[in-house]
Protein chains: 2
Amino acid sequence: MASIDHTVHVALGERAYDILIGPKLIDEAGALLAEKFPGRRYGIVTDETVAKAQLPRLVAGLETAGLSYDTIVLPAGEATKSYAMLERVVEGLLAAKLERGDLVIALGGGVIGDLAGFAASITRRGMDFVQIPTSLLAQVDSSVGGKTGINSPHGKNLVGAFHQPKLVLADLSALDTLAPRQFAAGYAEVVKYGLIDDPDFFEWLEANRAEIFAGGPARGEAIARCCAHKARVVIEDEKETGVRALLNLGHTFGHALEKDTGYSDRLLHGEGVAIGMVLAHGFSSRLGLAPGQDSGRVAAHLKLAGLPTTLADIPGTLGSTDVLMAAIAQDKKVTRGALTFILTRGIGQAFIEKNVDPEKVRAFLEEKRSI
Amino acid sequence: MASIDHTVHVALGERAYDILIGPKLIDEAGALLAEKFPGRRYGIVTDETVAKAQLPRLVAGLETAGLSYDTIVLPAGEATKSYAMLERVVEGLLAAKLERGDLVIALGGGVIGDLAGFAASITRRGMDFVQIPTSLLAQVDSSVGGKTGINSPHGKNLVGAFHQPKLVLADLSALDTLAPRQFAAGYAEVVKYGLIDDPDFFEWLEANRAEIFAGGPARGEAIARCCAHKARVVIEDEKETGVRALLNLGHTFGHALEKDTGYSDRLLHGEGVAIGMVLAHGFSSRLGLAPGQDSGRVAAHLKLAGLPTTLADIPGTLGSTDVLMAAIAQDKKVTRGALTFILTRGIGQAFIEKNVDPEKVRAFLEEKRSI
Ligand SMILES: NC(=O)c1ccc[n+]([C@@H]2O[C@H](COP(=O)([O-])OP(=O)(O)OC[C@H]3O[C@@H](n4cnc5c(N)ncnc54)[C@H](O)[C@@H]3O)[C@@H](O)[C@H]2O)c1
Ligand SMILES: NC(=O)c1ccc[n+]([C@@H]2O[C@H](COP(=O)([O-])OP(=O)(O)OC[C@H]3O[C@@H](n4cnc5c(N)ncnc54)[C@H](O)[C@@H]3O)[C@@H](O)[C@H]2O)c1
Ligand SMILES: [Zn+2]
Ligand SMILES: [Zn+2]
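These numbers come from a predicted model, not from an experiment.

> Got a minute to help me understand the sheet that holds strand β5 (residues 103-108) of chain A in this structure?
Strand pairing in a sheet is mediated by backbone hydrogen bonds. Such pairs are either parallel or antiparallel. All names here are of chain A. Reading across from one edge, β1-β2-β9-β6-β5-β3-β4 is the order of the seven strands in this open sheet, with mixed pairing throughout. Each edge of the sheet is formed by a strand with only one pairing partner; in this case those strands are β1 (6-10) and β4 (69-74). Each strand axis lies, on average, 15° off the axis of its neighbour in the sheet, ignoring direction. In the packing of helix α1 (residues 25-36) onto the sheet, the strands contacted are β2 (17-22), β3 (42-47), β5, β6 (128-133) and β9 (167-171), and the crossing angle to β9 comes to about 160°.

Here you go:
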């Protein structure tokens, strides 16, 4: 009935679920949900931008399927991942008289997915939820794996829960209304999967980037390959006590830059990751771990995708190296003062290094900012 | 080394933990923790009353053991189980630079245990925590089983997580500073275990009540038996999808009364439960399910313990029966409009009834309030 191009199964035992990828799953969600989860009521959480662009399609399908729902619409943007908005969503779900067996739908990008998933996990001590990711970043990364949460004044994603969705519906046509800059930012996370441990995928991306951006069949295939990759990692290490940390390639630098630019339009998350991945490759080759030309090849590919790749690409003035170092030290991947970084031996050969000397990071950053 | 009178093991697989019961475990906690969890830092959460009465003992032991800790002290009382206090605890733990592997200590009654346990579960997506329950209610009930959470304007405990502690230390001497009225309120939950499915325990309580209140060896034994009972139920049904609901005996009525009296000093939680248990027995015998004399025997025992047993025992004016019924319908044990109640066939024979006719409850309440 529903048109599904790819299915990725996330085999997590009693928490297992499917990721469906298809051309019009938002329209078809009502029928799909009515079949899969009979008798439930729905609480849709979305943001103002997505409410305009995509909510009418979802609501039409729910109504056709005769499903009962309430909608909670929040401001768009990273600032929505806050305590205040969390309370608003939880209270909204309770006000809608949703019960523990009912379903929360997160319709939006990573911000809505993280926030609504977290709200579902704590409302009545745990409601089920469904991810309908509408940004490329959410389709390839944040909607899969069950990490949910909000930001703290102390740092990003410091408050949250592991709460797996019951189903992920990635509708390819949703990306048609996504701003090109947001699409490119999500593409940084696509590239990340190749850089971690799949050099063939990176090469395939080099060959198919244009088609992915243009919306050809390679787009769906890229998304499915990313989801399959992430699913594999999550199955192996659901709570990030080990290998899952590899998914943070580029993120320690990236988070520091995002923090420094105030989580603003100056630097989107994926843009920070793009620069962070180039820095991680450059730093690894500076340490004599990785061949220098790989870092150039990574930068070239990201640049073709319209992404920033150097500190100088960030508009405005960055904080001092001390300020950036403090942000790095506060990132949650720090254990007892030693810096943990995802380093690499080259494209597709990333590894977790727990004992990085902060002085070497500082010297490297100092040099990069003067370029 | 530590003086332990009773040990109850909560066999929950990788979430298994021990409940230790002894005469001076707060003094001994530092040494115990240093041995069990080497290399951790601690975040102590407590309330102002307990900080005066018990915190110095804990801190002295931690310092002797050379452990590093920070303390977060909150106002005492049910109102502390709020979004604002949750944020305060989480931000306090982050400000103390506690890491994911560090430990939160909940030192206090059920309010602190529920709040600190919930804060631990969401800080950095899950920190470990230790319960040091200091009220009788917390020692026999709230510190065991991993239900954590806060209250919503929509009702009690509607926001939270299942998060098991790593260890529970029930120090019998902590109860020496507890107000007698609070002790009696906790005793209502002790009686509850007998009423659910252990008529021998109820009989034993009838024989040993005085010694339990006086602080003889029966006190520790009673606490251990309650913990063993609760552990058994939690092992069978960790997430309350079935039998665990039996622990709510007396709570549907009780919660409605607590709500109606504004969660204030007019009616403590355990006092509401005491009246609720008498009502549950009375209602069951009204439905022809339970012998009438059992409800009298329950009331007599609770009364000897200094507990209220009728609506008329609540100081001030109660809301209308409609208002009480609305509170009952909003309790989280409601599924699709049908009222779920814990009913009984007599002392020690409680059962879950999912299809209680609201009209019969209303008529019963109407009659009881006119007595
Ligand atoms: N949970 C995880 O595992 C995980 C992984 C990676 C990132 N994240 C989080 O994801 C967030 C970033 O996600 P994001 O980039 O999707 O941000 P986002 O949710 O803010 O979406 C970006 C922007 O695009 C808009 N948008 C989304 N879909 C649209 C559509 N189809 N049409 C028009 N506009 C649309 C949104 O309104 C928003 O303005 C960050 O908070 C990050 O921490 C989480
Ligand atoms: N999580 C669960 O499974 C569960 C089960 C039952 C009850 N609860 C919750 O527990 C809470 C009630 O617990 P409570 O009755 O312990 O309330 P509480 O934590 O408010 O403690 C009662 C009062 O006694 C004081 N106090 C506690 N220990 C003391 C001591 N040793 N010396 C002096 N004063 C002391 C406190 O400061 C407080 O003023 C409710 O919020 C209820 O919802 C939770
Ligand atoms: Zn990312
Ligand atoms: Zn209770």
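> What am I meant to see in the packing of aromatic side chains here?
The geometry of two aromatic rings is summed up by the distance between their centres and the angle between their planes. According to the stated counting rule, one finds 16 aromatic pairs over all chains in the structure shown. Between Y187(B) and F213(B) the ring centres are 5.0 Å apart and the planes differ by 65°, which places this aromatic pair in the edge-to-face class. Note that Y187(B) is positioned in helix α7 (residues 180-197) and F213(B) in helix α8 (residues 199-214), a separation of 26 residues in sequence. F213(B) gets classed as partly exposed once you look at its relative accessible area, which sits at 27%. Aromatic rings pair up to connect F253(A), F283(A), F341(A) and F364(A) into one cluster. Looking at R345(A), its charged tip hangs above the ring of F351(A), at a distance of 4.0 Å from the centre. Lying over the aromatic face of W204(B), R225(B) brings its terminal NZ or CZ to 5.1 Å of the ring centre.

> Can you help me understand the coordination of the zinc ion (ligand 3) in this one?
Residue and element names in this part refer to chain A. The coordination sphere of the zinc ion (ligand 3), as far as protein atoms go, consists of E189 (OE), H251 (NE2) and H269 (NE2), spread over 1.9 to 2.2 Å. Here the donor residues of the zinc ion (ligand 3) are spaced in sequence according to E-x61-H-x17-H. Of this pair, E189 sits in helix α7 (residues 180-197) while H251 is found in helix α10 (residues 251-260), placing the two residues 62 residues apart along the sequence. For the pair shown, E189 and H251 are each scored as buried.

> Could you clarify how one ought to interpret the site of ligand 2 in this entry?
Residue and element names in this part refer to chain B. Taken together, the neighbourhood of ligand 2 is formed by 26 residues, with E78, G110, T134, S135 and T177 sitting nearest. For ligand 2, an oxygen atom lies 2.7 Å from a polar atom in the backbone of G110. Side-chain polar atom of T177 to a nitrogen atom of ligand 2: 2.6 Å apart, as the coordinates give it. If ligand 2 stood free it would expose 860 Å²; the protein chains cover 90% of that surface. Within the residue set of the shell around ligand 2, elements represented by two or more residues are α2 (48-53), α5 (110-122), α6 (136-142) and β8 (155-162).

> Hey, could you run me through the site of ligand 1 in this one?
Residue and element names in this part refer to chain A. Around ligand 1 there are 26 residues in total, and D47, G110, T134, S135 and T177 lie nearest to it. One of the backbone nitrogen or oxygen atoms of V111 is found 3.0 Å away from an oxygen atom of ligand 1. The contact in question runs from an oxygen atom of ligand 1 to an N or O atom on the side chain of S135, over 2.5 Å. The fraction of the free accessible surface of ligand 1 (860 Å²) that becomes covered by protein chains is 90%. Of all the secondary structure elements, the ones that give two or more residues to the shell around ligand 1 are α2 (48-53), α5 (110-122), α6 (136-142) and β8 (155-162). Split by residue class, the shell around ligand 1 holds seven nonpolar, eleven polar and eight charged. Structurally, the shell around ligand 1 is a two-domain feature, drawing no fewer than three residues from each of domain 1 (6-177) and domain 2 (180-369).

> Looking at this structure, I do not really get the side chain of K81(A). What am I missing?
All names here are of chain A. Here K81 lies in the loop between β4 and α4 (83-95). At 2.9 Å, the side chain of K81 forms a polar contact with the side chain of D114. Side-chain polar atoms of K81 contact the side chain of N157, separated by 2.7 Å. Once residues lying within four places of it in the same chain are set aside, the contact partners of K81 are V111, D114, G149, I150, N151 and N157.

Calculation criteria
- Residues numbered from 1 in each chain as written.
- Chains lettered and ligands numbered in written order.
- Predicted model: local features only at pLDDT ≥ 70, side-chain atom pairs only at ≥ 80, totals over all residues.
- Heavy atoms only, no water.
- Pairing = 2+ DSSP bridges.
- Helix = DSSP H or I, 4+ residues; strand = E, 2+ residues; numbered from the N terminus.
- Axes fitted to C-alpha atoms, helices over the stretch in contact; angles between N-to-C directions.
- Contact = heavy atoms within 4.5 Å.
- Phe/Tyr/Trp six-rings, centres within 6.5 Å; stacked < 30°, edge-to-face > 60°.
- Buried < 20%, exposed > 50% of the residue type's maximum accessible area, 1.4 Å probe, protein only.
- Lys NZ or Arg CZ within 6 Å of the ring centre and 35° of its normal.
- Donors = N, O, S within 2.8 Å, 3.2 Å for Na, K, Ca; no water.
- Near = heavy atom within 4 Å.
- Polar contact = N/O pair within 3.5 Å; in protein donor to acceptor, adjacent residues only side chain to side chain.
- Areas by Shrake-Rupley, 256 points an atom, 1.4 Å probe, with all protein chains shown as cover.
- Nonpolar A, V, L, I, M, F, W, Y, C, P; charged D, E, K, R; others polar.
- Domains from an automatic or database assignment.

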